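Observations on the model geometry
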Amino acid sequence: MKKIAILGCTGSIGRQTLDIVRSNQDKYKITGLSCGSRASDLAAVAHEFSCKKLGIAADDKYAELKGLAPDAELFCGDDALTAVMDDADTVVIAVVGMIGLKAVLYALKMGKTVALANKESLVAGGSIVTERLKHGGTIYPVDSEHSAVWQCLQGEKHFKRIVLTASGGPFYFTDTDLHDVTPEQAVKHPNWNMGKKISVDSATMMNKGLEIIEARWLFNTTSIDYVIHPESVVHSFVEFNDGSIKAQASFPDMRLPIQYALCYPEHAERNYTPLKLPLSLNFLPPDETKFPAPKLAKQAIASGGNSCAVLNAANEAAVSLFLERKIPFTDIVRIVEDALNSEPHCDLTSADDVFETHNRVQKKIYCKYRGQ
Ligand code: MG
């Protein structure tokens, strides 16, 4: 029986991972669970799966969790991300934000298999994570695009190019004046049901930019393009040296890539919604004038050093400001571009460097727009 810890178990990916475990109780045992602050949700999940090792990142929720799960071993703060994974073989890292980097580095140090759904760890700390991977541990991607590339690469030695697919988000095919987009409009995605931060990233198409950076580290290539594919049925392509192209397709459901990361290399049995064939699919060229975010990500990859960490930090701060209604939608990507142009370029040699860059960039942006 595979022992699994889920970090971020009350979020969208966390809950879908629990769905898979729920329908495969003979295969998986949950040995650790953590979340940010939803103590009662965490306690309910722990009770359902008889999990006795729990972590809550918010210190002020510790007492509430203690009252709800008196028999469990409890951790809070940074320990909520690390100590809960000690008994697991596979750790699903589904927390949002830079805290994911700490968890990934710890899991790899402990030789764990990481099913990675946290974007920031690879986007901001890709070089540090890649260095750590040389000493142990494994990363399996959970994101639908990266899982698709990973599936296409099974049995292959070399490839020429990766082409990620992008739905375009809620505004690609509308005449909406992007300046007037509200947080409510931005968090409504046509095909995927996701958290707020990733939904806004999807609307600006920064999500594709972040995924291009992740792909650079996961598959060790800079030969990465993307196409607009509004149906979200083909999850990505890989082109090979003889001109052959492989694609992975399915009904859009995150539980497929999550399950594949848990069952790898098996495509295990699952209750799924079949694709109804025949179906017509569209693949369109990106509009980088209207949505320049992926272009910025490619520029950050080419600059190297701290550029991707700067991009990630500035984007996260700008998305928060947008959700707080302090800046218009179109300022998100403009703030990222300004940060990339103004931050001094340097190399990142440790995780501390990554966090230092992240905090410095965000402090500057918050100072300017929140006046703190
Ligand atoms: Mg994705």
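Heads up: the structure comes first, above all this text.
Now for a look at the structure at hand. Everything numeric in this text was worked out from a predicted model, so none of it was measured. (Residues numbered from 1 in each chain as written. Predicted model: local features only at pLDDT ≥ 70, side-chain atom pairs only at ≥ 80, totals over all residues. Heavy atoms only, no water.)

1. Section: the overall build of the chain
Keep this limit in mind: The numbering of helices and of strands both runs from the N terminus, where a helix is a DSSP run of H or I of at least 4 residues and a strand a run of E of at least 2. Three exposure classes are used, based on accessible area relative to the maximum for each residue type with a 1.4 Å probe and protein chains only: buried under 20%, partly exposed in between, and exposed over 50%. We call two residues in contact when some of their heavy atoms are within 4.5 Å. In this description, accessible areas are obtained by the Shrake-Rupley approach with a 1.4 Å probe, and a residue is regarded as covered only by the protein chains that are shown. Positive residues here are Lys and Arg, negative ones are Asp and Glu, while His and the chain termini are left out of the count. The atoms used to mark charge sites are NZ of Lys, CZ of Arg, CG of Asp and CD of Glu.
Within the chain, the secondary structure is distributed over 15 helices and eleven strands. Seen through its principal axes, the chain has C-alpha atoms that stretch 55 × 55 × 40 Å. The buried share of the chain, reckoned over its 372 residues, is 54%. Taking the intrachain contacts of the chain between residues at least 6 apart in sequence as the baseline, contacts between residues at least 24 apart amount to 68%. Approximately 16,400 Å² of the chain is accessible, and the part contributed by carbon and sulfur atoms is 50%. Mean positive and mean negative side-chain charge positions of the chain (40 and 45 charges, respectively) differ by 1 Å.

2. Some remarks on the packing of aromatic side chains
Short version of the rule: Between the rings of Phe, Tyr and Trp (Trp by its six-membered ring), a pair exists once the centres lie within 6.5 Å; its type follows the angle of the planes, with under 30 degrees stacked, over 60 edge-to-face, and the other angles tilted. The criterion for a charge sitting over a ring is simple: Lys NZ or Arg CZ within 6 Å of the ring centre, and within 35 degrees of the ring normal.
Enumeration over the complete set of coordinates arrives at ten aromatic pairs. Ring plane angle 75° and centroid distance 4.9 Å describe the contact between Trp150 and Tyr260, whose orientation is recorded as edge-to-face. Remark: Tyr260 occurs in helix H11 (residues 255-263) and Trp150 occurs in helix H7 (residues 144-152); sequence separation between them is 110 residues. A residue is classified by how much of its surface remains accessible, and Trp150, at 10% relative accessible area, is buried. When its relative accessible area of 4% is taken as the criterion, Tyr260 is described as buried. Geometrically, the ring pair formed by Tyr172 and Phe291 is stacked, given 5.2 Å between the ring centres and 20° between the ring planes. You can see Tyr172 sitting in the loop between strand E8 (161-166) and helix H8 (183-186) and its partner Phe291 sitting in the loop between H11 and helix H12 (293-303), a full 119 residues away along the chain. Each member of the pair, Tyr172 as well as Phe291, carries the same accessibility label: buried. An aromatic cluster of three or more residues is present, and its members are Tyr140, Trp150, Tyr260 and Tyr264. The residue whose ring lies beneath Arg216 is Trp217, and the NZ or CZ to ring-centre distance is 3.9 Å.

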